[in-house]
Amino acid sequence: MINDKNIPDRDAGINGYQKVDRYNPELINNLSGHYYEVLKEIGENPEREGLLKTPERIAKAMLYLTHGYDLDAKEILTSAMFKEEYSQMVIVKDIEVYSMCEHHMLPFFGKAHVAYIPNGYVVGLSKIPRVVDVFSRRLQVQERLTNEIRDCIQQTLNPIGVGVVIECRHLCMSMRGVQKQNSVTTTSAFTGEFLKEKTRTEFLNLISSRIS
Ligand SMILES: Nc1nc2c(ncn2[C@@H]2O[C@H](COP(=O)(O)OP(=O)(O)OP(=O)(O)O)[C@@H](O)[C@H]2O)c(=O)[nH]1
Ligand SMILES: [Zn+2]
């Protein structure tokens, strides 16, 4: 069906993203066909030995790199919430981030630091990096990625506050375009208690300290 913006309606998936069966051979085959044409268009010979399986490899890689669309971050968090009277800051820092900028579909990568102050419930620690993956394994901008992680934790766990800091290098800024090799982009998002300077400073100090 075509809507008034001439955009095909998506089969309702999680949060409005199209539901895709990433292991469907027909889908992999279709995508491979597109990448075969891309190889031709950039002047390559897709029939030479080294490239014979490349369209299929790219198709599978792209489907993997965007698998976050299939995951439900709220479900991940609610699957491991435990009643606990711990009321200090919980920080999971140095979480690897691998995402792709939505402008060039080139990688941006770095680290996320996520904190929350429980309000009666804690969440299984591994679920925090899983939430980071849900939102990073898709086409993104770093600012939205940061906000989406914050909002998901705030809305699902209902803690006293959430803090998220992300530091990334963007390949679209280093291997092309402005070609700045060492620039790092930092974004942050806070709710509740983290909007207060004292709490935010404690969080920022803790994520910059190193355990030897
Ligand atoms: N705010 C933001 N911008 C991003 C992110 N990733 C890439 N970009 C920027 O998106 C912008 C797209 O700008 P355009 O001028 O339309 O694209 P372009 O001509 O390829 O720009 P250049 O990269 O400057 O060559 C660029 O400035 C990128 O640096 C991101 O996560 N957040
Ligand atoms: Zn980019």
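What this report covers is the structure whose coordinates are included nearby.

Analysis parameters
Residues numbered from 1 in each chain as written. Chains lettered and ligands numbered in written order. Predicted model: local features only at pLDDT ≥ 70, side-chain atom pairs only at ≥ 80, totals over all residues. Heavy atoms only, no water. Salt bridge = Lys/Arg side-chain N within 4 Å of Asp/Glu carboxyl O. Helix = DSSP H or I, 4+ residues; strand = E, 2+ residues; numbered from the N terminus. Buried < 20%, exposed > 50% of the residue type's maximum accessible area, 1.4 Å probe, protein only. Pairing = 2+ DSSP bridges.

Right, let's talk about the pattern of salt bridges for a bit. All chains considered together, the criterion is met by eight salt bridges. The salt bridge partner of glutamate 37 is lysine 40, with a shortest N-O separation of 3.6 Å. In this pair, glutamate 37 and lysine 40 both sit in helix α1 (residues 25-41), three residues apart, roughly one turn of the helix. Note on glutamate 37: relative accessible area 37%, which makes it partly exposed. On the basis of relative accessible area, lysine 40 is assigned to the partly exposed category, the value being 42%.

Attention now goes to the pairing of strand β2 (residues 90-101). Looking at chain direction, β2 and strand β3 (residues 107-117) are connected through nine bridges and run antiparallel. Its bridge partner being in β3, valine 97 is matched across the sheet by glycine 110. Between the end of β2 and the start of β3, which pair antiparallel, lie five residues, with methionine 105 showing a positive phi angle near 55°. In this structure, β2 lies alongside strand β5 (residues 139-140), joined through two bridges in parallel fashion. Bridging across to β5, cysteine 101 finds its partner in glutamine 140.

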